[in-house]
Amino acid sequence: MDVLAIVLIIVGIAVGTGVGYLLRKSLAEAKIKSAEHEAEKIIQEAQEKGKSLKKEKVLEAKEEIFKMKNESDREAKERRSEVQRLERRILQKEENLDKKISQIEMKEEDLKRQEQEIVQTREKIDDLSLQQVALLEKISGVSTEEAKDILLQKVKDEIQHEIAQMIKDVELQAKEEADKRAREVVTQAIQRCAADHVSESTVSVVNLPTDEMKGRIIGREGRNIRTLETLTGIDLIIDDTPEAVILSGFDPIRREVARIALEKLIVDGRIHPARIEEMVEKARHDVDVQIREEGEQAAFEVSVHGLHPELVKMLGRLKFRTSYGQNVLKHSIEVAHLAGIMASELSLDAKTAKRAGLLHDIGKALDHETEGPHVVNGAELAKKFRETPEIVNAIGAHHGDIEPQTLVAVLIQAADAISAARPGARRETLEAYIKRLEKLEDIADSFDGVDKSYAIQAGREIRIMVKPDKIDDATATQVAREIVKKIEQELEYPGQIKVTVIRETRAVEYAK
């Protein structure tokens, strides 16, 4: 029983194993067939997708080729049209040149013909002249050379007096126009467009905490210093001077902007192009504020109210302007005070006089880009910002360019001359000032016929007394011109010098 059971169990196990094997085999074959089918399906889909992608790429390539072809055709067409246009222009220019050449040839022929006629006419004139000279010599009994000597001697005796009189007449006719155009031309040109010879007054110095800061200011490959110079228009000079950078430029406002910006950068410590641009912009704003405050302070100091904001700003700009070393804003304030005091003494409107005195040099606030003298520009500015005609006339007449129409205008002339002419007001040492006056008088005394000479108006005018028995009225004009020439050759002076020659006529008789 036990053996049979064991045999049955063994047989069952064998049968189960065979049946399991057959089942696994059939399942494996089914899975293999399914995988092969799935693989074939995937391969088929991939092939179809590849074909579609190939078709799309082919279409895109064809479209791109078509587009490039159209673009090249269009460019070729434009180039052909441009070539045709240039050919037409060249042909037209050639035609014009041919016409001009033909016209020039015709003119040359005409000129040659006229030249031949002139030569023939000149020969005829020379023949007639020789005949006339021979006839005159025969009639007068005097040769040509002798006649020339007689004529020259007579002309020489008379020409000196006539020339002196002619010079005097011409000067009288041209005086009004010359006075309008000649006043302060040189000084204004120097002030509004500075040159190298004033470079000693066109620098500022910025102190550095250490010499290492110089390298940071220069930057990598000089980018920082180039940025600062480009933004401000000022040259930075970095040399062996310890712990200092020199700012050089003819525009004092730009130089002030550069100084403030550089000081801000040194304090901040971050020096790079973007930061430089930011600091320069802030410095410009600070300078604009300072200019406005200076203008307001000047107007407040002389009790002038109601000025247009632009005029106030221009007054502030005068702080950065100089004339022979004299600060123009301080000069304007001084002129305002002087004019107001004189107006009060004469029972005139002191407020109007102060206003005109403060604004008389407002034209100097403009730079060299504005054409015209500062007198004309100042009058136009005052008129533009609705100042009264009395103020406009005082500004325009303070150098005598136009006629003063009011007493206030005359007072402004006097106050301006007082402020500018007093010794020490402008850049000139007392020793050089005295030497210039002495040299001026010595030049005048060196001429024959001069009795005495006096330098007045702080050297702006010299009055010369001449001996009436040696120099007549006509010769006095010639003497004045010769003295002017010698002053211009031998003397250096600011502005201009007026030379006045005075001849006194005396009638003396004796009663017997």
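Along each chain, residue indices are assigned from 1 in the same order as the chain's sequence is written. Totals for whole chains, interfaces and linings use all residues, but because this is a predicted model, local features are given only for residues with pLDDT of at least 70 and pairs of side-chain atoms are given and counted only at 80 or more. As a rule here, side-chain values come from all non-hydrogen atoms in the structure, and water together with hydrogens is ignored.

Participant: Hey, could you run me through unusual backbone geometry in this one?
Facilitator: Positive phi values are uncommon outside glycine, yet Glu 221 reaches one of about 55°. Secondary structure follows DSSP: runs of H or I at least 4 residues long count as helices, runs of E at least 2 residues long count as strands, and numbering of each begins at the N terminus. Tracing the sequence through the fold places Glu 221 in the loop between helix 4 (212-218) and helix 5 (223-232).

Participant: What exactly am I supposed to notice about the pattern of salt bridges here?
Facilitator: Opposite charge on two side chains permits pairing when their charged atoms draw close. Any Lys or Arg side-chain nitrogen found within 4 Å of a carboxyl oxygen on Asp or Glu counts as a salt bridge. Within this structure, the stated rule accounts for 20 salt bridges. The salt bridge involving Glu 263 is made with Arg 259; its shortest N-O contact spans 3.0 Å. Here Glu 263 and its partner Arg 259 are both found in helix 6 (residues 252-268), 4 residues apart, which amounts to about one turn of the helix. Salt-bridge contacts for Lys 470 lead to Asp 448; the nearest nitrogen and oxygen are separated by 3.9 Å.

Participant: Help me understand the pairing of strand 1 (residues 203-207) in this model?
Facilitator: For a regular strand, side-chain orientation follows a simple rule: the groups alternate between the two sheet faces. Relative accessibility thresholds used throughout: buried, under 20% of the residue-type maximum; exposed, over 50%; partly exposed, between the two (1.4 Å probe, protein chains only). Along strand 1, the buried face is formed by Ser 204 and Val 206; none of Val 203, Val 205 and Asn 207, which line the opposite face, is buried. Strand pairing follows a simple DSSP-based rule, namely that at least 2 bridges must link the two strands. Bridge analysis of strand 1 against strand 3 (residues 244-248) gives 5 bridges, and the strand direction is antiparallel. The partner of Val 206 across the bridge, within strand 3, is Val 245.

Participant: Help me understand the environment of Ile 497, please; the structure alone is not making it clear to me.
Facilitator: Relative to the assigned elements, Ile 497 resides in the loop between helix 15 (473-490) and strand 8 (498-503). Ile 497 sits in the buried class, given a relative accessible area of 15%. A contact between two residues is defined here by any heavy atoms of the two lying within 4.5 Å. Leaving out residues up to four positions away in the same chain, Ile 497 has contacts with Leu 440, Gly 459, Arg 460, Glu 461, Ile 462, Ile 487 and Leu 491.

Participant: Can you walk me through the sheet that holds strand 7 (residues 461-466) in this structure?
Facilitator: Two orientations exist for strands paired in a sheet by backbone hydrogen bonds: parallel and antiparallel. Read from one edge of the open sheet, 3 strands run 6-7-8, paired in mixed fashion. In this open sheet, the two strands that pair with only one neighbour each are strand 6 (450-456) and strand 8. Between one strand and the next, the sheet's axes are offset by a mean angle of 20°, whatever the strand orientation. Alignment of strand 6 against strand 7, held across 6 bridges, turns out to be antiparallel. Looking across to strand 7, one finds that Val 450 is bridged to Val 466. Orientation is described by lines fitted to C-alpha atoms, with helices fitted over the stretch in contact, and by angles between N-to-C directions that extend from 0 to 180 degrees. Packing of helix 15 onto the sheet brings it into contact with strand 7 and strand 8, and relative to strand 8 it is tilted by some 150°.

Participant: Explanation requested: the side chain of His 398 in the structure shown.
Facilitator: When you line up the elements, His 398 lands in the loop between helix 12 (389-397) and helix 13 (407-421). A relative accessible area of 4% means that His 398 is categorised as buried. Two N or O atoms form a polar contact when they lie within 3.5 Å of each other; inside protein one atom must be a possible hydrogen donor and the other a possible acceptor, and for residues adjacent in sequence the pair counts only when both atoms belong to side chains. A polar atom in the side chain of His 398 sits 3.3 Å from the side chain of Asp 361. Other than its neighbours up to four places away in sequence, His 398 contacts His 360, Asp 361, His 374, Val 375, Ile 412, Gln 413 and Asp 416.

Participant: Would you explain a nonpolar patch on the surface in this entry?
Facilitator: Nonpolar side chains (Val, Leu, Ile, Met, Phe, Trp, Tyr) are joined into patches within 5 Å and like charges within 9 Å, using only residues with over 30% relative accessible area and no salt bridge. Working definition of accessibility: Shrake-Rupley area with a 1.4 Å probe, residue cover restricted to the visible protein chains. Among the surface-exposed residues, Val 3, Val 7, Val 11, Val 15, Val 19 and Leu 23 lie close enough to one another that they form a single nonpolar patch of about 510 Å² accessible area. Secondary-structure assignment places Val 7 in helix 1 (residues 2-140).

Participant: Sorry, what's going on with the sheet that holds strand 1 here?
Facilitator: If you trace the 3 strands from one edge of the open sheet to the other, you get 1-3-2, paired in antiparallel fashion. Every other strand in the sheet has two partners, leaving strand 1 and strand 2 (235-237) as the edge strands with one partner each. In this sheet, adjacent strand axes meet at a mean angle of 25° when their direction is disregarded. Across 3 bridges, the pairing between strand 2 and strand 3 is antiparallel. Note on strand 3: the bridge partner recorded for Asp 235 is Ser 248.

Participant: So what exactly am I meant to see when it comes to helix 8 (residues 309-317) here?
Facilitator: Side chains that are three or four residues apart share a direction in an α-helix, a result of its 3.6 residues per turn. Within the sequence span of helix 8, burial applies to Leu 311, Val 312, Met 314, Leu 315 and Gly 316. Summarising the contacts, the buried residues of helix 8 are in contact with helix 7 (273-301), helix 9 (328-345), helix 10 (350-359) and helix 11 (374-384).

Participant: Mind showing me how you'd approach the packing of helix 7 against helix 8 here?
Facilitator: A pair of packed helices is characterised by two quantities: the angle between their axes and the separation of those axes. Two numbers describe how helix 7 lies on helix 8: the axes approach to 7 Å, and their chain directions differ by 100°. As the angle between them shows, helix 7 and helix 8 are arranged roughly perpendicular. Across the interface between the two elements, Ile 291, Arg 292, Glu 294, Gly 295 and Glu 296 of helix 7 pack against Val 312, Lys 313, Leu 315, Gly 316 and Arg 317 of helix 8. Here the contact of helix 7 with helix 8 is composed, by residue class, of 3 nonpolar, 2 polar and 5 charged. Roughly parallel means an angle under 35 degrees; roughly antiparallel, over 145; roughly perpendicular, 65 to 115; everything else is oblique. Gly counts as polar in this scheme, as do all residues outside two lists: the nonpolar Ala, Val, Leu, Ile, Met, Phe, Trp, Tyr, Cys and Pro, and the charged Asp, Glu, Lys and Arg.

Participant: Hey, could you run me through the nonpolar core in this one?
Facilitator: Note that soluble globular proteins tend to have their nonpolar side chains buried in a common cluster. Within the largest apolar cluster, 37 residues are counted, with the highest numbers of intra-cluster contacts made by Leu 307, Leu 315, Leu 318, Leu 358, Leu 359 and Ile 362. For this core, the elements supplying multiple residues, two or more each, are helix 7, helix 8, helix 9, helix 10, helix 11, helix 12 and helix 13. The greatest single-element share of this core, amounting to 7 residues, is contributed by helix 9. Ignoring sequence-local partners within four residues, the contact set of Ile 362 consists of Leu 311, Met 314, Leu 315, Leu 318, Gly 378 and Leu 381. Met 213, Ile 225, Leu 262 and Ala 283 belong to the second largest nonpolar core, which has 26 residues in total. By nonpolar core is meant a set of buried Ala, Val, Leu, Ile, Met, Phe, Trp, Tyr and Cys residues that side-chain atoms within 4.5 Å join together.

Honestly, it's all geometry; don't read function into it.
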